[in-house]
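Residue-level structure breakdown
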Amino acid sequence: MYSSLGCHPPEGERDSRVPFNRGLHLLQSGAVDRVLQVGFHLSGTVTEPAGPSEPEPSFHVSISFDRCKITSVSCACDNRDIFYCAHVVALSLYRIRNARQVELRLPISETLSQMNRDQLQKFVQYLISAHHTEVLPTAQRLADEILLLGSEINRVHGAPDPTAGAGIEDANCWHLDEEQIQEQVRQLLSNGGYYGASKQLQSMFNKVREMLRMRDSNGARMLILMTEQFLEDPRLALWRQQGAGMTDKCRQLWDELGALWVCVVLNPHCKPEERALWLALLKKWNKLDVCPLEEGNYSFDVPGATAALQLPSVPSAAGARQTVFGRAIKAGELRWGDCHLQKILGSDCYGLGMKTGVDKLCFDPQGRPLWLGDPFPTACARVDALRSHGYPREALRLATALATTMRLQRRHQLESYKQQKKEILHKGSTSITNLEGWVGHPLDPIGCLCRTLLEPCRTDQEGLSLYPDAAADGKKKVLHQHVPVPSSPGSGESYLALALEVALAGLGQQRAMPEGLYAQDKVVRSEEQLIALLDEMEPDERLVQVLRKQAALLLEGGPFSGFGEVVFRESLPMHTFARYLFSALLPHDADLAYRLALRAMRLPVLETVMPAGDILHQNPLDSMMANRFPRWFILGHLETRQCELASAMLTAAKGDPKWLHTVLGSIQQNIHSPALLFKLAQDACKTATPASAPPDATLLNISLELGLQVMRMTLNTMTWRRREMVRWLVSCATEIGVQALMNIMQNWYSLFTPIEATTIVAVTGTTPATLLRLNLAFGQRDELCARARAVALQCAMKDPQNCSLPALTLCEKDHAAFEAAYQIVLDSAAAAGMGHSHLFTVARYMEHRGLPLRAYKLATLAFSHLSIAFNQDTHPAVNDVLWACSLSHSLGKSQLAAIVPLIIQSVQCAPMLSDILRRWSLPPPGLAALSGRRHAPKPPGLDKAPLGQLLEAAIAAYVSTTHSRLTHISPRHYSEFIEFLCKARETFLLAPDGHLQFGQFLDNLKQTYKGKKKLMLLVRERFG
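Everything in this summary refers to the structure shown in the same document. (Residues numbered from 1 in each chain as written. Predicted model: local features only at pLDDT ≥ 70, side-chain atom pairs only at ≥ 80, totals over all residues. Heavy atoms only, no water.)

Of note, Gln520 is situated in helix H20 (residues 517-535). Overall, the relative accessible area of 0% leaves Gln520 in the buried class. Beyond its immediate sequence surroundings of up to four residues, Gln520 is in contact with Met513, Pro514, Glu515, Arg631, Trp632, Phe633 and Ile634. (Helix = DSSP H or I, 4+ residues; strand = E, 2+ residues; numbered from the N terminus. Buried < 20%, exposed > 50% of the residue type's maximum accessible area, 1.4 Å probe, protein only. Contact = heavy atoms within 4.5 Å.)

Structure below.
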């Protein structure tokens, strides 16, 4: 036991890491030699295999033992670890397996008593001679003390004998290297961020439980040592100073530490002085500033199973948060001396044959014993303590009594609810009847009870294996059998059925969401662990009966059940549990399975907000809970589980229109996340359209309906997934048929933005691939395309800026529709509904379609919305302006003359104006054929209208720009300014008297800015 951790290491590392296996290997290879037992002292030599180019190392091992326990060990290997080394294991196993081959000697004191004086003197002298370097100083010191008459050694009767063993009254315990345990825990905590460190610490906790089960007093000693090191962890003070929470791994370790201490102090047969010592330590640790608090709104004194009929008052401890040791300190006040409790623990048949109604507080109507002496979680802690301390039969008896008590309490709760049902349903709200939920509770009462009840039902022999959780394939199915409950003869009740009933009742309990991220996450993990335990049970006929009965009780349970008709707003949802129940019940009672799952679909915390006025008319607990409003850190996880439950129902209901529509209504009412609704829609569509079977029309329509709901929900809150959602919706409608596609087009305004309806819905719905998939007749094709064009025109009217071009593209093959789209563009441009960039884009499209006059018209409209300042050389519309100028040049003088005033009005940028002039001074591009001419027109003169006006505007722009730049010019921009003047001169020289105008312009500059001497010097050097 002291040579391995409480759990096995990885497969490939067993021999190298577990001292027991290594010691066993050394024994089998004949490495143990020269074994001698003197009294209660065993010694021998263990030889390790030789390494490469190294001799065989030999280690001398000494072991002292007393009453079948190793009390001390010594090995020359000096291996410092918390477990016995492989050499100690090898020597111990040799003594166990080869007892007859071990040479036995009496304790050394007995041998010495048989010697006379000469023999004793010879013995001592030979001993000193053999080991004079080691023992000579000690021998001399002892001789001096013995020769001194009044010395302490002479006042003591007899002499110590290490081989004689302890007295019968003396305590004996296994050897435990306390120093090494402290060092090991300290080192593991310093590596707390690593997964392996947390796993090893958990294994040490398992080792403590193993010691407790063997009733080894070192279990508590080891836990004390570990606790002291945990409290010395420097991270505790840092976290407290920073106000930060500890990591999840660390929090789990502290939880286990607190639960272990509850087990230790609840030891049913510990001595009073031991319990007093533990409680003193716990109280001392509890007062430390760094001692972590228990997370979650739990309290030790909240009534559980003992207050079934009355609503609990606000717990006194709710305001004062307790530390992780608080429960252990409270548990230290509990005793095992109650007469009724002792009778429960002492016999399987206690209560049998008793008359009905003898004592309602101690027995149920069938005479089975009840235990109401503790709150339910505390009573379950007693069960855990009995199991942990090696009393499995007593633990099973108490667990059976608690399960019976829970069943009776639920029956009373149901009767109480039936009397108040009308009032509660009329009110439409309820209080939480148990603030301290049993699933996720720090003491894990439901898990403890279930594991205890399942223990006698296992048919495998895992308990005999060195590595119980190491299945051959890692997925070994646990087999259970029905073992009858002795206290219920004739009823056919078994521990297996009782465990299932307890688990279902605990998971179905209506409970409040605890405070804090870790506490909420723990609730989820505990629920999943319990469901994994239920999954191990093969549902035979007896278990199915229990399932059906408990499911019906959960539906009728009112405020005591999470499946009741009315639940508290902040009660924990039942989605994960309901999914298990749905899958388990579906093959046996589909109607019950669907009713349970549909009832569990709700998520009240997202649906209602309690009005402030209503709080005044509630009981104190309601008011406290309503004002608490904790943060639901795991809300996203809960919504995902809700979605998975809905998906399971949709998949199971395939082919059943009645249930499909019922499930759809529940989804639409209860799921509020567009992303999850979209996932549901996709899953339903995939399920409805298998590759090897015809599609399910009802499920397909439900998939489409869910998709339409997503579109409506996200219409005004755009997400990055909208385009994907819209495309999927069109493909889903295509799978259903042309009518579905027509319907979403007809109602596009409530589902899509105009740009989505035009560019995705209308376009995708009329692509050749879609038309081929729909396999339509010509008339139907025309109708669908006409609907798409109508949608495009409506979108263009609603959002002309973004939808005009897609609408024109979609309407190309229909003259009337195309003309209508073009007119929408003209009307929007006139009403300033479209900017210059969109108008230029549509104009280019028109030119590309062979409609240059319409393109020219749109370009002129674009100029009315355009303004390019003198310093905007890189304006985004530069290329559009140049393109429009080229287009007007190619169309003829009249178009050119008409556009020049618009350019002068819109463009004040001198370089751009000069660029346009140069382009127009060249022959027009080859568009003569489009305007009905055989030869291109000659370039217009720059001295005549309309280019003369443009030239004057360009020169004026250069003059004004020059003065603007000179106002705030710095020396580093002088060279750039000279280059600008060079471009200006080129433009001036295009005029007949341009040379003269440019000279006058320069003279004016020199006179006006004569203070800028350096700049004017550069101007003279360049231009004279």
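So, about the packing of helix H37 (residues 852-863) against helix H38 (residues 878-891). As a packed pair, H37 and H38 sit with axes 10 Å apart at the nearest point and diverge in direction by 135 degrees. Taken together, the axes of H37 and H38 lie oblique to each other. Crossing angle aside, the handedness with which H37 passes H38 is left-handed. In this structure, H37 contributes Pro852, Leu853, Ala855, Tyr856, Ala859 and Phe863 to the contact, and H38 contributes Val881, Trp883, Ala884, Leu887, Ser888 and Leu891. Partitioning the contact of H37 with H38 into residue classes produces eleven nonpolar, one polar and no charged. (Axes fitted to C-alpha atoms, helices over the stretch in contact; angles between N-to-C directions. Parallel < 35°, antiparallel > 145°, perpendicular 65-115°, else oblique. Left-handed = near helix turned anticlockwise from the far one by under 90°. Nonpolar A, V, L, I, M, F, W, Y, C, P; charged D, E, K, R; others polar.)

If you walk through the whole model with that rule in mind, you get 19 aromatic pairs. Judged by centre distance (4.4 Å) and plane angle (10 degrees), the rings of Tyr594 and Trp659 are stacked. Of the two residues, Tyr594 sits in helix H23 (residues 590-600) while Trp659 sits in helix H26 (residues 657-670), which places them 65 residues apart along the sequence. Like Tyr594, the residue Trp659 is buried in the burial classification. Among the aromatic residues, those joined into a ring-pair cluster are Phe205, Phe230, Trp254, Trp261, Trp285 and Phe325. A cation sits over an aromatic face here: Arg215 above Tyr391, 4.0 Å from the ring centre. Positioned over the ring face of Tyr822 is Arg854, at 4.3 Å from the centre of the ring. (Phe/Tyr/Trp six-rings, centres within 6.5 Å; stacked < 30°, edge-to-face > 60°. Lys NZ or Arg CZ within 6 Å of the ring centre and 35° of its normal.)

Residues Phe123, Val124 and Leu127 make up a contiguous nonpolar surface patch of roughly 240 Å² in combined accessible area. As for its position among the elements, Val124 is in helix H5 (residues 117-130). (Patch = residues over 30% accessible without salt bridge, like charges linked within 9 Å, V, L, I, M, F, W, Y side chains within 5 Å. Areas by Shrake-Rupley, 256 points an atom, 1.4 Å probe, with all protein chains shown as cover. Salt bridge = Lys/Arg side-chain N within 4 Å of Asp/Glu carboxyl O.)

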